[in-house]
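# Inside the fold
Okay, here's what each chain looks like letter by letter:
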Amino acid sequence: MNKKQQTIHCDVSSCQYHNTSDFCTLNAIRVTPCQHIHNGAPEDETLCSSYEKLS
């Protein structure tokens, strides 16, 4: 995979790294598991640890 062509999309407009074209301005994000949730649904079991509230 060519690292220069990787992109991170972000639809969470409350994150300070979200920009107007729905891309994340970070070079990388960290995804971590949510504790005590084991239902197999990715949207329930994972969390973007790089999220920072828009100030």
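So, here is what we can say about the structure in this document. Predicted model, so just to flag it, every value in this text is computed and none were measured.

A few words now on the overall build of the protein. Along the backbone of the protein there are one helix and two strands. Relative to a compact globule of 55 residues, whose C-alpha radius of gyration would be 10 Å, the protein shows 13 Å and is clearly more extended. At a minimum sequence separation of 6, the contacts of the protein that also span at least 24 residues come to 26%. Counting every atom, the protein has about 4900 Å² of accessible surface; 51% of that belongs to carbon and sulfur. Counting 4 positive and 6 negative side-chain charges, the protein places the averaged centre of each group 16 Å from the other.

This brings us to unusual backbone geometry. Keep in mind that most residues, glycine aside, have a negative phi and that most peptide bonds are trans. Although it is not a glycine, Asp22 adopts a positive phi angle of roughly 65 degrees. In this structure, Asp22 sits in the segment before strand S1 (31-33). Owing to a relative accessible area of 35%, Asp22 belongs among the partly exposed residues under this scheme. The backbone phi angle of His36 is positive, close to 65 degrees, even though this residue is not glycine.

Turning our attention to the nonpolar core. A general trend in soluble globular proteins is that nonpolar side chains are found buried together. In this structure, Ile8, Cys10, Cys15, Tyr17 and Cys24 together form the largest nonpolar core, which totals five residues. Each residue touching Cys10, except ones within four places of it in the same chain, is listed here: His18, Asp22, Phe23 and Cys24.

All right, on to the environment of Pro42 then. Within the fold, Pro42 resides in helix H1 (residues 42-45). On the basis of relative accessible area, Pro42 is assigned to the exposed category, the value being 54%. For the pair formed by Pro42 and Ser14, sequence separation is 28 residues and the distance between their alpha carbons is 20 Å.

Reading the values: the criteria
- Residues numbered from 1 in each chain as written.
- Predicted model: local features only at pLDDT ≥ 70, side-chain atom pairs only at ≥ 80, totals over all residues.
- Heavy atoms only, no water.
- Helix = DSSP H or I, 4+ residues; strand = E, 2+ residues; numbered from the N terminus.
- Rg over C-alpha atoms; globule rule 2.2 N^0.38 Å.
- Contact = heavy atoms within 4.5 Å.
- Areas by Shrake-Rupley, 256 points an atom, 1.4 Å probe, with all protein chains shown as cover.
- Lys, Arg positive; Asp, Glu negative; His and termini not counted.
- Charge placed at Lys NZ, Arg CZ, Asp CG, Glu CD.
- Buried < 20%, exposed > 50% of the residue type's maximum accessible area, 1.4 Å probe, protein only.
- Core = buried A, V, L, I, M, F, W, Y, C linked by side-chain atoms within 4.5 Å.

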